Amino acid sequence: EVLHSDGINLTCTTRGDGSIRAEGVFRLVTPNGSSMTLNLKRSYTTAGGTERVYLYDWSSWSFPYGNWIELGATPVSLGAWTTAFPVSDPTRFVDFDGSVYVLIVNSGSGGGSLNLDQIQLVDR
């Protein structure tokens, strides 16, 4: 659904605590280079709050006992936008069977929803 930018969105609505949260996993990832890029194209129906994007650090411990590493934080505004988050040392984010876990959290939005049009993990 969200591999290609095609206008077909994955929509996540506000949780009981007022945040918006999207979790996903890439499977069979085999990094060939020394870095990757996480590309996101998304929009929100309500401006406000801060969006934070994380990858799970498999070198810290097995899931869920390890650490999430923040790739970036962005103030949320209306309209669609695309961000490319650089991922250095990608092997630490890939487990033994090629899984990469991603987490997007918007805290402080006060409502609304996230419309995720594209999420890609690109080996560079």
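Residues numbered from 1 in each chain as written. Predicted model: local features only at pLDDT ≥ 70, side-chain atom pairs only at ≥ 80, totals over all residues. Heavy atoms only, no water.

**Focus on the nonpolar core**
Part 1 of the reasoning: Core analysis: the largest hydrophobic core is formed by 26 residues, its most contacted members being F26, L38, V53, I104 and I119.
Part 2 of the reasoning: Those elements that place two or more of their residues in this core are strand 2 (20–26), strand 3 (35–44), strand 4 (50–57), strand 6 (81–88), strand 7 (100–107) and strand 8 (113–123).
Part 3 of the reasoning: Apart from the residues lying within four places of it in its own chain, the contact partners of I104 are I20, R21, A22, L40, Y44, E51, R52, V53, L114, L116 and I119. (Core = buried A, V, L, I, M, F, W, Y, C linked by side-chain atoms within 4.5 Å. Buried < 20%, exposed > 50% of the residue type's maximum accessible area, 1.4 Å probe, protein only. Helix = DSSP H or I, 4+ residues; strand = E, 2+ residues; numbered from the N terminus. Contact = heavy atoms within 4.5 Å.)

**Looking at the sheet that holds strand 2**
Part 1 of the reasoning: The sheet built from four strands is open, its strands ordered 2-7-4-5 with antiparallel pairing. The open sheet has two free edges, formed respectively by strand 2 and strand 5 (67–75), since each of these has just one partner strand. In this sheet, neighbouring strand axes are inclined to one another by 20° on average, regardless of whether the strands run parallel or antiparallel.
Part 2 of the reasoning: Where strand 2 lies against strand 7, seven bridges are found, and the strand directions are antiparallel. Considered in strand 7, the bridge of R21 is made with V105. (Pairing = 2+ DSSP bridges. Axes fitted to C-alpha atoms, helices over the stretch in contact; angles between N-to-C directions.)

**A word on the pattern of salt bridges**
Part 1 of the reasoning: This structure, assessed with the given rule, holds six salt bridges.
Part 2 of the reasoning: Between R15 and D17 there is a salt bridge; the shortest N-O distance is 3.9 Å.
Part 3 of the reasoning: By relative accessible area, D17 is classed as exposed at 57%.
Part 4 of the reasoning: Note that R21 is salt-bridged to E23, the shortest N-O span being 3.0 Å.
Part 5 of the reasoning: Classification of E23 by relative accessible area gives exposed; the value is 55%. (Salt bridge = Lys/Arg side-chain N within 4 Å of Asp/Glu carboxyl O.)

**A look at the pairing of strand 4**
Part 1 of the reasoning: Counting buried positions along strand 4 gives six out of eight residues, so the element sits mostly inside the fold.
Part 2 of the reasoning: Of the pairings in the sheet, the one linking strand 4 to strand 5 comprises eight bridges and is antiparallel in character. What sits directly across from T50, in strand 5, is P75.
Part 3 of the reasoning: With six bridges joining them, strand 4 and strand 7 adopt antiparallel strand pairing. Bridge pairing links E51 to N106 in strand 7.

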